[in-house]
Number of protein chains: 2
Amino acid sequence: MTEISSHTRPGGRSARVRGAVHRAVEELLAEGPPETLTMPLVATRAGVHPTTVYRRWGSLAELLEDVATSRFSGDIVVPDTGALPDDLERWVTDVATDLADPDSLALIRASIGSSPAGACACTADRHAQLAAIFDHERSRGGHPPTVERATDTLLGPLYYRAIFTQQPAEPSWARELVDTLLR
Amino acid sequence: MTEISSHTRPGGRSARVRGAVHRAVEELLAEGPPETLTMPLVATRAGVHPTTVYRRWGSLAELLEDVATSRFSGDIVVPDTGALPDDLERWVTDVATDLADPDSLALIRASIGSSPAGACACTADRHAQLAAIFDHERSRGGHPPTVERATDTLLGPLYYRAIFTQQPAEPSWARELVDTLLR
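Just so it is clear, the structure is predicted and the values come from calculations on it, not from any experiment.

Here's the deal with the nonpolar core
At step 1: Counting 109 residues, the largest nonpolar core has L154, Y159 and F164 of chain A together with L154, Y159 and F164 of chain B as its most contacted members.
At step 2: Beyond its immediate sequence surroundings of up to four residues, F164 of chain A is in contact with I108, I112, A119, C120, C122, T123, Y159 and I163 of chain B.

Overview of empty space enclosed by the protein
At step 1: Evaluation of the coordinates by the stated rule reveals two cavities of 30 Å³ or more.
At step 2: Along its surface, the largest cavity is lined by 16 residues, and T153 and T180 of chain A together with D152, T153 and T180 of chain B are the ones closest to its centre.
At step 3: Of all the elements in the fold, those that place two or more residues in the lining of the largest cavity are α9 (147–164) and α10 (171–182) of chain A together with α9 (147–164) and α10 (171–182) of chain B.
At step 4: Split into classes, the residues belonging to the lining of the largest cavity amount to six nonpolar, four polar and six charged.
At step 5: There is about 30 Å³ of room inside the second largest cavity.
At step 6: Of all the secondary structure elements, the ones that give two or more residues to the lining of the second largest cavity are α9 of chain A together with α9 of chain B.

Some points on the relation of the copies chain B and chain A
At step 1: For the pair chain B and chain A, the relating rotation is 180 degrees, the translation along its axis is 0.0 Å, and the fit reaches an RMSD of 0.0 Å. Each copy turns onto its partner about a two-fold axis.
At step 2: Here 100% of the contact residues of chain B are again contact residues in chain A; the copies associate through an equivalent surface.

Here we look at the environment of H22 of chain B
Residue and element names in this part refer to chain B.
At step 1: You can see H22 is positioned in helix α2 (residues 10–31).
At step 2: Residue classification places H22 among the buried positions, given a relative accessible area of 8%.
At step 3: Considered as a pair, H22 and Y54 are 32 residues apart in the sequence and their alpha carbons are 14 Å apart.
At step 4: Leave out the neighbours within four places in its chain, and H22 touches W57, D66, V67 and S70.

Observations regarding the interface of chain B and chain A
At step 1: At the junction of the two partners, chain B supplies 35 residues and chain A supplies 35 residues.
At step 2: Summed over both sides, the interface between chain B and chain A buries roughly 3,000 Å², with carbon and sulfur atoms accounting for 55% of that surface.
At step 3: By the criterion of area lost to chain A, the three top residues of chain B are D152, Y160 and F164 of chain B, representing 23% of everything that side buries.
At step 4: Along the contact surface separating chain B from chain A lie four salt bridges.

Things to note about the environment of R175 of chain A
Residues and elements named next belong to chain A.
At step 1: In this fold, R175 is placed in helix α10.
At step 2: Here R175 falls in the partly exposed class, since its relative accessible area comes to 42%.
At step 3: Separated by 92 residues in sequence, R175 and A83 have C-alpha atoms that sit 14 Å apart.

Notes on the UniProt feature "DNA-binding region" (unreviewed entry) in chain A
At step 1: Feature annotation in UniProt places "DNA-binding region" (unreviewed entry) on residues 38–57 of chain A, given in this structure's numbering.
At step 2: The distance separating the terminal C-alpha atoms of residues 38–57 of chain A is 13 Å; by composition the span is 80% helix and 0% strand.

Some remarks on the layout of surface pockets
At step 1: Reported here for the largest pocket is a volume of approximately 470 Å³.
At step 2: Lining the largest pocket are 26 residues, with P34, E35 and L37 of chain A together with P34 and E35 of chain B positioned closest to its centre.
At step 3: Of all the elements in the fold, those that place two or more residues in the lining of the largest pocket are α5 (60–72) and α7 (102–114) of chain A together with α3 (39–46), α5 (60–72) and α7 (102–114) of chain B.
At step 4: The biggest single contributor to the lining of the largest pocket is α7 of chain A, with four residues.
At step 5: The residue makeup of the lining of the largest pocket, split by class, is 15 nonpolar, eight polar and three charged.
At step 6: In this structure, the second largest pocket spans a volume of roughly 280 Å³.
At step 7: What lines the second largest pocket is a set of 17 residues, among which L99, A100, L105, A162 and Q167 of chain A lie closest to the centre.
At step 8: For the lining of the second largest pocket, the elements supplying multiple residues, two or more each, are α6 (84–99), α7 and α9 of chain A.

A look at the side chain of D66 of chain A
All names here are of chain A.
At step 1: Among the structural elements, D66 can be located in helix α5.
At step 2: Looking at D66, its side chain comes within polar contact range of the side chain of H22, at 2.9 Å.
At step 3: Beyond its immediate chain neighbours, meaning those up to four positions away, D66 contacts R18, H22 and W57.

Re the UniProt feature "domain: HTH tetR-type" (unreviewed entry) in chain A
At step 1: This chain's UniProt record puts "domain: HTH tetR-type" (unreviewed entry) on residues 15–75 of chain A.
At step 2: Taken end to end, residues 15–75 of chain A has its terminal C-alpha atoms 19 Å apart, with 75% of it in helix and 0% in strand.

Quick word on the pattern of salt bridges
All names here are of chain A.
At step 1: All chains considered together, the criterion is met by 29 salt bridges over all chains.
At step 2: Of the charged contacts in the structure, one is a salt bridge between D75 and R71, with a shortest N-O distance of 3.5 Å.
At step 3: According to the relative accessible area criterion, D75 is partly exposed, its value standing at 27%.
At step 4: We note a salt bridge from R138 to D135, for which the minimum N-O separation is 3.1 Å. Here R138 and its partner D135 are both found in helix α8 (residues 116–139), three residues apart, which amounts to about one turn of the helix.

The rules we used
Residues numbered from 1 in each chain as written. Chains lettered and ligands numbered in written order. Predicted model: local features only at pLDDT ≥ 70, side-chain atom pairs only at ≥ 80, totals over all residues. Heavy atoms only, no water. Core = buried A, V, L, I, M, F, W, Y, C linked by side-chain atoms within 4.5 Å. Buried < 20%, exposed > 50% of the residue type's maximum accessible area, 1.4 Å probe, protein only. Contact = heavy atoms within 4.5 Å. 1 Å grid on protein atoms, 1.4 Å probe; cavity = no way out; pocket = protein on both sides within 12 Å on 5 of 7 lines; lining within 4 Å. Points joined across faces, edges and corners; volume = space filled by probe spheres on them. Helix = DSSP H or I, 4+ residues; strand = E, 2+ residues; numbered from the N terminus. Nonpolar A, V, L, I, M, F, W, Y, C, P; charged D, E, K, R; others polar. Least-squares fit on C-alpha atoms with pLDDT ≥ 70 in both. Buried area = accessible area lost by both parts, 1.4 Å probe. Salt bridge = Lys/Arg side-chain N within 4 Å of Asp/Glu carboxyl O. UniProt positions renumbered as here; feature names shortened; annotations may be inferred. Polar contact = N/O pair within 3.5 Å; in protein donor to acceptor, adjacent residues only side chain to side chain.

Below, the structure is given as structure tokens:
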């Protein structure tokens, strides 16, 4: 009976375990160096059996990819001010604010360190957001740049600064990046 | 006597240990997922006692920073063709070639994952190389852009593509980036 009952409501327990495990990863990343992050440690912190974690995610790399996907999907509302430069400036500022959050950055660092797929999970939604902003511009009859060029001009410098330098992203800098893209 | 002799030639043994440990890190990164890289494993592979590794580097983060510093310092000869666009195009192509090497990329990923300092060690020399290219231009009476703008326009997209996308860096793309910077 217990087994059947757990089969009829798989989402309930499954979602609880996922939530607890994701929270455990985020807490451990906030607390210590990423090299101390291991599957058994995550399981202990989440209060679940290590086997459960291994069975569901396979490896630390897959777990980090899943956490990054859920953390960075839909986290930024695509701006729709009616003007492309304003949309882009607001969006760049939002991305910069997210990158200035130590917890976001710790997750991005760990995801990059764990696997190429983990790294991709941190930015896939950013490309979709750019595409949506450009779709709005096209629907207004405008001719926006390509997502590829916007990735080079906006995302490249934003992520480079966050990861490789300690430079903060000033508001004037956001405008400068958008100007470079649109001129 | 042995002690005195080891004191009079500290560089010999010390340099050998450093070489063996660096090689061990590079081999282990090439072989498996970065989460399996630990100080004891590095020591075993290098054939030295774990205590030696811990005493010298303190943590995996410090060790990776040291390996990245030595790997990415002086690895690219600063081009001096006599013309800024050619210098930059050659340099961008060299950086892109380096980033296309799976071993370089594995070290960069692991360094980013381990600590902010590890990440910085991967690119510090790139900024010095740009400064040298711009010094050459100034000595010819030219007015080059700032290193900061070149970092945004060249290094940002180069590292973003290498880390977050699977897109290869085409030669025409290198020219495009340089054009964007100099126009």
